[in-house]
Amino acid sequence: VQIGLDHRYINMAYGLARRFLHQVINRKLQADERDRLGRIVDKVLDLSILIETDAFISSTTQCDHEVIRGIAHQVRNPLTVIGGNIMLLQKKVNDDDPRKGIYDTMLQEAKRMERMVKNVVMYNEVFQKEPAPEPCNIEGFVMEAIKELKAEKGDTNIDVHLDENNNQVFADKEGLKIIIFHVLQNAFEASKEADSPRVKISSRVSGSKPEFLEIKVVNNGPVPDEKTLSQIFTPFFSTKAMGTGFGLPIVKLTARKNQGNFRFEIVEDAGIVSIITLPLPKR
């Protein structure tokens, strides 16, 4: 019934219904009964408005998510074809041919677009999916992410100092994997700009919130300026030539969906610190 109807008119209808019912109550009931029944009517209408608004938002966002998924699927297919044809062209030219550099650039941009489509879909799925939290041992996720990143991006010195007495968080497994991987990936990439790249990850119980675990990732790369930091969680914003601008927004969203948080701190003479805060398992 409500499909295609402006949501403002629905709220107006509830307002008119409330006014009409209160008028009936005032005409038909004695003074000692008016307040009691009036409160019941208000509670029923407030609940109805809450249910209707939730249904409206769910319907609208579901449509948006389906559109995003559809666009991503339609973009991914031609990108695969483009990348495959560029690779065929590369094989037909010598290394000293000027076209070789052009084909390399085209292929890198096609791969960047593929990563962007993948990250957009991931962001969309994280936004839509309800997490299924359970006790998760963070060391396994950390070591898996380090192994994957070193294979992809080359070796980087990394120190791991995790609290052995508090080695679990209460989070969705897939969500935790996303958080750890993207934060370490960001640290790896930032540290590559230093003379001796270093990354350190540590954990401890939060001093201000003892029911939460803080996971800190420090890298010795250059510290972003204030303008960059103010936009760093904006989708599509990236300071990297081949970046997609979705890694950190995905981390922020995933942490919040798991009742946690993600933020940065600039520590003098130490660089930038990424701080993940996630709830500890209940005891």
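Refer to the structure presented above.
The rules we used
Residues numbered from 1 in each chain as written. Predicted model: local features only at pLDDT ≥ 70, side-chain atom pairs only at ≥ 80, totals over all residues. Heavy atoms only, no water. Core = buried A, V, L, I, M, F, W, Y, C linked by side-chain atoms within 4.5 Å. Buried < 20%, exposed > 50% of the residue type's maximum accessible area, 1.4 Å probe, protein only. Helix = DSSP H or I, 4+ residues; strand = E, 2+ residues; numbered from the N terminus. Phe/Tyr/Trp six-rings, centres within 6.5 Å; stacked < 30°, edge-to-face > 60°. Lys NZ or Arg CZ within 6 Å of the ring centre and 35° of its normal. Axes fitted to C-alpha atoms, helices over the stretch in contact; angles between N-to-C directions. Parallel < 35°, antiparallel > 145°, perpendicular 65-115°, else oblique. Left-handed = near helix turned anticlockwise from the far one by under 90°. Contact = heavy atoms within 4.5 Å. Nonpolar A, V, L, I, M, F, W, Y, C, P; charged D, E, K, R; others polar. Salt bridge = Lys/Arg side-chain N within 4 Å of Asp/Glu carboxyl O. Expected span 1.5 Å × (residues − 1). Arc of directions from axis to C-beta. Polar contact = N/O pair within 3.5 Å; in protein donor to acceptor, adjacent residues only side chain to side chain. Pairing = 2+ DSSP bridges.

Undergrad: So, the nonpolar core: which residues are in play, and what are the values?
TA: Counting residues in each nonpolar core, the largest one holds 34 residues, and the members touching the most others are V169, L176, I180, L184, I201, F262 and I276. If one sorts the elements of this core by residue count, helix α5 (residues 173-191) sits on top with eight residues.

Undergrad: Would you mind going over the packing of aromatic side chains in detail, with residue names and values included?
TA: The final tally for this structure, using the stated rule, is one aromatic pair. Their ring planes at 65 degrees and their centres at 5.3 Å tell us that F262 and F264 sit as a pair that is edge-to-face. A residue is classified by how much of its surface remains accessible, and F262, at 0% relative accessible area, is buried. Above the face of the F212 ring, K209 is positioned so that its terminal group lies 5.8 Å from the ring centre.

Undergrad: Outline the packing of helix α4 (residues 138-153) against α5, listing residues and values.
TA: The N-to-C vectors of α4 and α5 enclose an angle of 45 degrees; their axes lie 9 Å apart at closest approach. On the basis of the axis angle, α4 is oblique to α5. Helix-helix and strand crossings are classified by hand; for α4 and α5 the assignment is right-handed. Across the interface between the two elements, I138, F141, V142, E144, A145, I146, E148, L149, K150, E152 and K153 of α4 pack against K173, L176, K177, I180, F181, L184, Q185, F188 and E189 of α5. Considered class by class, the residues forming the contact of α4 with α5 number eleven nonpolar, one polar and eight charged.

Undergrad: Go over the pattern of salt bridges with me, naming the residues and quoting the values.
TA: In this structure the tally under the stated criterion is twelve salt bridges. R204 serves as the salt-bridge partner of E214, at 3.4 Å between the closest nitrogen and oxygen. Here E214 is found in strand β5 (residues 212-219), whereas its partner R204 is found in strand β4 (residues 198-205), with ten residues between them in sequence. Three or more residues joined by partner-sharing salt bridges are found here, namely R204, E214, R263 and E265.

Undergrad: Quick one: what's the story with α4, residue by residue and with numbers?
TA: Here α4 spans 22 Å end to end across 16 residues, near enough to the 22 Å set by a 1.5 Å rise per residue. Among the residues of α4, I138, F141, V142, A145, I146 and L149 are the ones counted as buried. Here the buried residues of α4 occupy an arc of 130 degrees about the axis, which is enough to place them on one side. Along α4, exposed side chains directed more than 90 degrees from the buried face belong to K147 and A151. Turning to α4, the residues buried within the fold contact β1 (134-137), β2 (157-161), β3 (168-171), α5, β4 and β5. Regarding α4, its N-cap is N137, as a side-chain oxygen of that residue lies 3.1 Å from the backbone nitrogen of E139 further along.

Undergrad: Residues and numbers for unusual backbone geometry, please.
TA: For Q259, which is not a glycine, the phi torsion comes out positive at approximately 65 degrees. Mapping Q259 onto the fold places it in the loop between α7 (247-257) and β6 (261-267).

Undergrad: Describe the pairing of β3, naming the residues involved and giving the relevant values.
TA: Residues in a regular strand point their side chains to alternate faces of the sheet. Only one face of β3 is covered, namely the face carrying V169 and A171; the face carrying Q168 and F170 is uncovered. Sheet analysis places β1 next to β3, joined by four bridges and oriented antiparallel. Of the residues in β3, the one forming a bridge with N137 is Q168.

Undergrad: Describe the environment of F188, listing the residues and the values that go with them.
TA: Here F188 shows up in helix α5. Expressed as a C-alpha distance, the spacing of F188 and K153, which sit 35 residues apart in the sequence, is 8.0 Å.

Undergrad: Kindly report on helix α3 (residues 98-128), identifying the contributing residues and their values.
TA: Taking 1.5 Å per residue as the helical rise, α3 with its 31 residues ought to reach 45 Å, and the 46 Å between its terminal C-alpha atoms agrees with that figure. Every buried residue belonging to α3 is among K100, Y103, L107, A110, M116, V117, N119, V121, M122, N124 and V126, and all of these are buried. One side-chain oxygen of the residue at the start of α3 lies 2.8 Å from the amide nitrogen of R99, identifying that residue as D97.

Undergrad: Tell me about the pairing of β4, and name the residues and values.
TA: Note that β2 and β4 share five bridges and pair parallel. Note that in β4 the partner of H161 across the bridge is S202. Across seven bridges, β4 lies against β5 in antiparallel orientation. Looking at the pairing, I201 lines up with V217 of β5. Between the end of β4 and the start of β5, which pair antiparallel, lie six residues.

Undergrad: Which residues make up the side chain of S203, and what values go with them?
TA: Note on placement: S203 falls in strand β4. Within polar-contact distance, the side chain of S203 engages the backbone nitrogen of D163 at 2.9 Å. Look past the residues within four positions of S203 in its chain and what remains in contact with it is I138, H161, L162, D163, L213, E214 and I215.

Without other data, these values stay purely geometric and don't point to any function.
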